[in-house]
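# Residue-level structural notes
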Amino acid sequence: MLINNFKPNFITTGVGSIPLTNGQDALELIWKSVPLAPHWPQLPRLGAESSFVGQYLNALIETGIIGDVEVPKFQVDASDWVERMTAFYTLYLEALDGDQKALERFGFSAQGGEGFEAFCHNLEQFGTRDAVILKGQLSGSLTLGMQITDKNRRSSYYDDTLRDMLVKSLALHAEWQTKRLSQFGLPVLMMIDDPGLYGFGASSHITLKREQLIDELNSIVEGILRQGGIAGVHVCAGMDWTLLFDSKVQVVNFDAYDYMQSMMALAEPLNEFLTRGGILSWGIVPTNPIAWEETSQSLKSNLDNNIRELVKRGVDESLLRQQSMLTPSCGTGTLPRDLAEHVYGLLKDLGDKTLGAYTIQ
């Protein structure tokens with residue numbers, strides 16, 4: 001799991017979504033707030049093609065596997081369904097075999113990729129500036145599979161064939177995105193946003209299988225690793241984090257503001273994860289109105305207290321400090337603009353305090 005000696009030392013970055021409709025405005029906020037680890041802005045207010053669900057389905061929609069992006073459903077009852085599946089798997093195998101044109105079809109649609117392309121154009125025009133790493137993101141297969149249905153409203157995740165196509169499509173999208181961002185000469189962190197993973201172990205999701213979830217995560221992670229990227233997962237709720245620790249995931253991003261106890265309970269496996277080179281990404285800035293009541297100093301005190309508690313439970317303090325990142329607890333895409341800007345402002349100020357206190361080695 002060693003990640004090219006990357007020691008983030010509390011570097012800050014965003015989760016992804018921004019409540020703006022103009023890529024340039026979003027990039028101005030991002031570069032001002034997280035200049036060392038900038039990310040491309042997901043702009044869900046632009047519409048369904050830029051949404052958490054619709055943005056990563058381009059190849060599945062182009063091959064007719066999924067219909068309308070506004071209300072995406074698998075078209076399993078289409079008279080030519082077998083031909084559509086054949087077209088998809090043919091495209092998949094061509095991309096996996098190194099066909100660049102085939103791989104590009106797993107990227108974004110023109111509208112869905114507006115924030116991503118604005119980021120790439122910005123990097124081409126102005127360079128990477130003070131950045132030491134670039135961050136991308138995509139949605140995870142469990143969350144999408146639970147939300148995308150067939151025409152009878154059955155979750156596609158529970159159908160082996162539909163789930164397989166979804167995972168394969170996401171794996172190649174992750175590879176395509178990592179490859180695009182890698183051209184700018186910096187390490188690329190690619191985060192899989194899969195909040196649905198919180199359901200593992202819950203009585204309402206008893207059919208979710210641990211090994212299956214790990215295998216699916218690993219399939220997407222391998223797409224990132226093939227292009228030399230660093231692979232992470234973001235879950236904005238409490239969960240059994242050992243599921244991620246036991247996968248090929250290298251960065252675990254969790255909501256440290258509201259769900260710290262779920263990580264406290266797993267201090268020993270967390271320490272093993274850090275010992276293998278894993279990185280803990282703290283979602284320490286809340287993304288709800290309570291953020292108005294916080295300051296960067298209060299958040300730093302919270303962070304310091306949590307570090308002390310983990311160290312008391314046996315986590316190596318040196319590893320924890322070297323191998324930690326800071327983010328908001330979730331994306332800001334659904335927030336009012338002023339609150340989103342406040343969240344990024346808190347993150348910037350917190351980053352200044354932590355970098356100053358802990359220093360990059």
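The coordinates are above.
Residues numbered from 1 in each chain as written. Predicted model: local features only at pLDDT ≥ 70, side-chain atom pairs only at ≥ 80, totals over all residues. Heavy atoms only, no water.

Turning our eyes to something else, we now look at empty space enclosed by the protein. This model, assessed by the stated rule, comprises one cavity of 30 Å³ or more. Of the volumes computed, that of the largest cavity is approximately 50 Å³. Considering the residues around the largest cavity, the lining is formed by Thr13, Gly14, Val15, Lys135, Leu189, Met191, Asp193, His234, Asn253, Ser281, Met325 and Thr327. For the lining of the largest cavity, the element with the most residues is strand β3 (residues 188-193), which contributes three residues. (1 Å grid on protein atoms, 1.4 Å probe; cavity = no way out; pocket = protein on both sides within 12 Å on 5 of 7 lines; lining within 4 Å. Points joined across faces, edges and corners; volume = space filled by probe spheres on them. Helix = DSSP H or I, 4+ residues; strand = E, 2+ residues; numbered from the N terminus.)

Reported here for the largest pocket is a volume of approximately 300 Å³. Around the largest pocket sit 17 residues that line it, and Ser17, Gln42, Phe52, Cys330 and Gly331 are the ones nearest its centre. Across the lining of the largest pocket, the residue classes tally to seven nonpolar, nine polar and one charged. Computed from the structure, the second largest pocket encloses a volume of approximately 180 Å³. (Nonpolar A, V, L, I, M, F, W, Y, C, P; charged D, E, K, R; others polar.)

This part takes up the pairing of β3. On a regular strand, one side chain projects to one face of the sheet and the next to the other, so that they alternate. Counting buried residues along β3, six of its six residues qualify, which places the element largely inside the surrounding structure. The alternating pattern of β3 places Val188, Met190 and Ile192 on one face and Leu189, Met191 and Asp193 on the opposite face, and all of these are buried. Pairing analysis gives six bridges linking strand β2 (residues 134-139) to β3, with the strands arranged parallel. The partner of glycine 136 across the bridge, within β3, is methionine 190. In this sheet, strand β4 (residues 230-235) lies alongside β3 in parallel orientation, the contact comprising five bridges. Considered in β4, the bridge of methionine 190 is made with alanine 231. (Buried < 20%, exposed > 50% of the residue type's maximum accessible area, 1.4 Å probe, protein only. Pairing = 2+ DSSP bridges.)

With respect to the helices and strands, the residue serine 262 is situated in helix α10 (residues 260-264). A polar contact is formed between the side chain of serine 262 and the side chain of tryptophan 241, at a distance of 2.9 Å. Not counting residues up to four positions away in its chain, the partners in contact with serine 262 are Gly238, Met239 and Trp241. (Polar contact = N/O pair within 3.5 Å; in protein donor to acceptor, adjacent residues only side chain to side chain. Contact = heavy atoms within 4.5 Å.)

A side chain of one charge can pair with a side chain of the opposite charge when the charged atoms of the two come close. Evaluated as defined, the whole model comprises 17 salt bridges. Between glutamate 175 and arginine 226 there is a salt bridge, with its nearest N and O atoms 2.7 Å apart. Of this pair, glutamate 175 sits in helix α7 (residues 160-182) while arginine 226 is found in helix α8 (residues 210-226), placing the two residues 51 residues apart along the sequence. The class for arginine 226 is partly exposed, based on a relative accessible area of 41%. In this structure, arginine 210 and aspartate 246 form a salt bridge, with 2.6 Å as the shortest nitrogen-oxygen distance. (Salt bridge = Lys/Arg side-chain N within 4 Å of Asp/Glu carboxyl O.)

It is worth spelling out the packing of helix α3 (residues 81-96) against α7 at this point. The axes of two packed helices give the description: the angle between them and the distance between them. At their nearest, the axes of α3 and α7 sit 11 Å apart, and the two run at 30 degrees to each other. In terms of orientation, α3 lies roughly parallel with respect to α7. The chirality of how α3 crosses α7 is left-handed. Facing Trp81, Met85, Phe88, Tyr89, Tyr92, Ala95 and Leu96 of α3, the residues of α7 in contact are Thr161, Leu162, Asp164, Met165, Lys168, Ser169 and Leu172. For the contact of α3 with α7, the class distribution of residues is ten nonpolar, two polar and two charged. (Axes fitted to C-alpha atoms, helices over the stretch in contact; angles between N-to-C directions. Parallel < 35°, antiparallel > 145°, perpendicular 65-115°, else oblique. Left-handed = near helix turned anticlockwise from the far one by under 90°.)

Glancing now at the environment of leucine 299. By the element assignment, leucine 299 lies in helix α12 (residues 296-312). Judged by its relative accessible area of 0%, leucine 299 falls in the buried class. In the structure, leucine 299 is positioned 48 residues away from leucine 347 in sequence and 9.2 Å away in space, judged by C-alpha atoms. In this view, leucine 299 contacts Tyr257, Ile284, Val285, Pro286, Glu294, Leu346 and Leu350; residues no more than four positions away in its chain are not counted.

By the definition in use, this model includes zero disulfides. Left without a disulfide partner, cysteine 236 is nearest to the cysteine sulfur of cysteine 330, which lies 3.4 Å away. Under the relative-accessibility criterion, cysteine 330 is labelled partly exposed at 25%. (Disulfide = S-S within 2.5 Å.)

Those residues of helix α11 (residues 267-275) that sit buried are Ala267, Leu270, Asn271, Phe273 and Leu274. Buried positions in α11, seen along its axis, are confined to an arc of 160 degrees and lie on one side of it. Those residues of α11 that are exposed and aimed more than 90 degrees away from the buried face are Glu268 and Thr275. Where α11 is buried, its residues meet α9 (242-245), β5 (251-254), α10, β6 (279-285), α12 and α13 (317-322). (Arc of directions from axis to C-beta.)

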